[in-house]
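Okay, here's what each chain looks like letter by letter:
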Amino acid sequence: MSLSTQSRPCTSPDGIDDIRAREVLHRTETCNIVIFGETGAGKSSLVNLITRKQSAATSSDAMGCTIKTNVYEHDVAIQNKTLKMKLFDTAGLDEGSEGAVPNKEAQKVLKKLLQTLAEQDGIHLLIYCVQGTRESMALRRNYMSLYSKVKGKVPIVIVVTRLENQNPDMEEWWRKNEQSISNLNMTFAGHACVTTITIDESDSDDLKERSEQSYHALRELIDKCRLPNEKGFRDVEWACDDHERDHPRSVIVCDSAVPAPMNVCNIAGVINGAWVRSTVVMRGHYYMFQRVTAPYPPAKRSKGGVGFEPCLLIFYVDKNESVNTQRTEVQKFRKVYAKSKVGLVVVVCGCDSDEDAKGWWEGSNDTGKDSLLAPSVTFTYLPRDGSQRSESAQEALQKLIWELSRTGEPCTSVVRDLLNRVLGYLIRVV
């Protein structure tokens, strides 16, 4: 899959394209938006309307001008937050074999894009772009193709383009066609009827007003219908095969030094501290969290007898307790479970940043050289309160788990056990 990323210069001096950017923005949220539709439907023009800058190449004929997936980054101020959008402009669907991107190839690229996003940063919204002046037999086919891939877990909105001449207003298209769309068993989380035409100074006031209405309608549609920042769709069935479901990535956790409910419960997917094992899906992969306490017994084996070899260790410490005592415990923990080059994450509860966490750990060390400052050890934080900062810390920790466990998956022991079983069977047969 070919992705072309273009950072979008913003239209105002302070870096955000809205006058409300002058207000104090309390938080930042991310949003990955995939725009799909037939060739010539106006997907690239839609990008230009959202960003208010002519950076995406456009075409006025039915032949597609987007031959690969282009990514446009754009920040917009909405109410009391900054929404950091990534707009994925995809190649047109239903183009013939003589087109720039044949339909089969376009479908393949689109599916790969969705898989990649599902594994990584998630999908927050799908925009189905259709041309209001063109009747299409492929309208339902393209919708069902995408719907089957996301299984109804990602909101799909429809944006109807080229309605600059629709009378008495652009919304008239929806009033006339809503029932027909419903009869085709297509359900949308929202809709917008717009014009994406490039405005010149010589254009009529009515056309300028319609363009302005279209811009604000799209902003409202995106903010209203997108999935929340932390809930971008990540579909494990795209990322995992049967083997991974049977053999999840193993993570050993010790959070006993931290009083409940400030423990790993929100990472491991349980609602209290009384848990031992929990299987969780994060960023498109299965994880088996196993909770241990001192004196750190060996990790239990799974039902099939396959070794529970961890791909990551997590230890929670408390900033209000003695760091030297906790350092000793972390070393014991690591000695028991880090049989190979396994990464260790030390979560310092009561800190407000990664720098604060590592600074507290280093500044409190009065025993000389600290083996826990090796490159394989990562420090992160968890605030005590339930603020927005705490949510950000949990999201950062999930990202760390995903990143640090990729190179140390429990595949070695799994493959070794399977090969031994196969070899034993062959010896018996022969």
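Residues numbered from 1 in each chain as written. Predicted model: local features only at pLDDT ≥ 70, side-chain atom pairs only at ≥ 80, totals over all residues. Heavy atoms only, no water.

Draft legend 1. Seen up close, the side chain of His124. Mapped onto the secondary structure, His124 falls in the loop between helix 2 (103-119) and strand 5 (125-131). A polar side-chain atom of His124 sits 2.9 Å from the main-chain amide nitrogen of Asn32. (Helix = DSSP H or I, 4+ residues; strand = E, 2+ residues; numbered from the N terminus. Polar contact = N/O pair within 3.5 Å; in protein donor to acceptor, adjacent residues only side chain to side chain.)

Draft legend 2. The arrangement of the nonpolar core in detail. Residues Val251, Ile314, Tyr316, Phe333 and Val346 are the most contacted members of the largest nonpolar core, which totals 41 residues. Within the residue set of this core, elements represented by two or more residues are strand 8 (249-254), strand 10 (285-291), strand 11 (312-318), helix 9 (323-337), strand 12 (343-349), helix 10 (354-363), strand 13 (377-382) and helix 11 (388-405). Leu146, Val150, Val154 and Trp173 belong to the second largest nonpolar core, which has 31 residues in total. (Core = buried A, V, L, I, M, F, W, Y, C linked by side-chain atoms within 4.5 Å. Buried < 20%, exposed > 50% of the residue type's maximum accessible area, 1.4 Å probe, protein only.)

Draft legend 3. Expanded view of the pairing of strand 6 (residues 156-161). The element strand 6 is extensively covered by neighbouring structure, given that six of its six residues are classed as buried. Burial along strand 6 is two-sided: Ile156, Ile158 and Val160 and Val157, Val159 and Thr161, pointing in opposite directions, are all buried. Bridge analysis of strand 5 against strand 6 gives six bridges, and the strand direction is parallel. In the strand pairing of strand 6, Leu126 is matched with Ile156. Bridge count for strand 6 against strand 7 (residues 190-193) is four bridges, and the pairing is parallel. Bridge assignment links Ile158 to a residue of strand 7, and that residue is His191. For the crossover that starts at strand 6, traverses helix 4 (residues 172-183) and ends in the parallel strand 7, the hand is right-handed. (Pairing = 2+ DSSP bridges. Right-handed = clockwise from strand over helix to strand, strands pointing away.)

Draft legend 4. Helix 5 (residues 205-225), seen in detail. The end-to-end C-alpha distance of helix 5, which contains 21 residues, comes to 30 Å, matching closely the 30 Å that a straight helix rising 1.5 Å per residue would cover. Buried residues of helix 5: Leu207, Arg210, Ser211, Ser214, Tyr215, Leu218, Arg219, Leu221, Ile222 and Cys225, and no others. (Expected span 1.5 Å × (residues − 1).)

Draft legend 5. Seen up close, the packing of aromatic side chains. All chains considered together, the criterion is met by nine aromatic pairs. On the basis of an interplanar angle of 65 degrees and a centroid distance of 5.2 Å, the ring pair of Phe315 and Phe333 is categorised as edge-to-face. With a gap of 18 residues between them, Phe315 in strand 11 and Phe333 in helix 9 connect regions that are remote in the sequence. Judged by its relative accessible area of 0%, Phe333 falls in the buried class. (Phe/Tyr/Trp six-rings, centres within 6.5 Å; stacked < 30°, edge-to-face > 60°.)

Draft legend 6. Structural context of the packing of helix 2 against helix 3 (residues 139-150). Taken N-terminus to C-terminus, the directions of helix 2 and helix 3 make an angle of 30 degrees; their axes are 11 Å apart at the nearest point. With respect to helix 3, the element helix 2 is oriented roughly parallel. The hand of the helix 2/helix 3 crossing is right-handed. For the pair helix 2 and helix 3, the contacting residues are Gln107, Leu110, Lys111 and Leu114 in the first and Asn142, Ser145, Leu146 and Lys149 in the second. Taken together, the residues that form the contact of helix 2 with helix 3 break down as three nonpolar, three polar and two charged. (Axes fitted to C-alpha atoms, helices over the stretch in contact; angles between N-to-C directions. Parallel < 35°, antiparallel > 145°, perpendicular 65-115°, else oblique. Left-handed = near helix turned anticlockwise from the far one by under 90°. Contact = heavy atoms within 4.5 Å. Nonpolar A, V, L, I, M, F, W, Y, C, P; charged D, E, K, R; others polar.)

Draft legend 7. Representation of unusual backbone geometry. In the segment running from Asn167 into Pro168, the intervening peptide bond is cis, with an omega of 0 degrees. Relative to the assigned elements, Pro168 resides in the loop between strand 6 and helix 4. Positive phi is not limited to glycine here, since Arg162 has a value of about 60 degrees. The exposure class assigned to Arg162 is partly exposed, which follows from its relative accessible area of 26%. A positive phi angle, near 60 degrees, is found at Asn185, a position not held by glycine. With respect to the element layout, Asn185 can be found in the loop between helix 4 and strand 7.

Draft legend 8. Broad picture of the packing of helix 1 (residues 43-51) against helix 5. Two elements in contact, helix 1 and helix 5, have axes whose closest approach is 9 Å; the angle formed by their N-to-C orientations is 90 degrees. Taken together, the axis directions place helix 1 and helix 5 in an arrangement best described as roughly perpendicular. Taking contact as the criterion, the partners of Leu46, Leu49 and Ile50 in helix 1 are, on helix 5, Ser211, Ser214, Tyr215, Leu218 and Ile222. Its residues assigned to classes, the contact of helix 1 with helix 5 comprises six nonpolar, two polar and no charged.

Shape is all these values report; function is a separate question.
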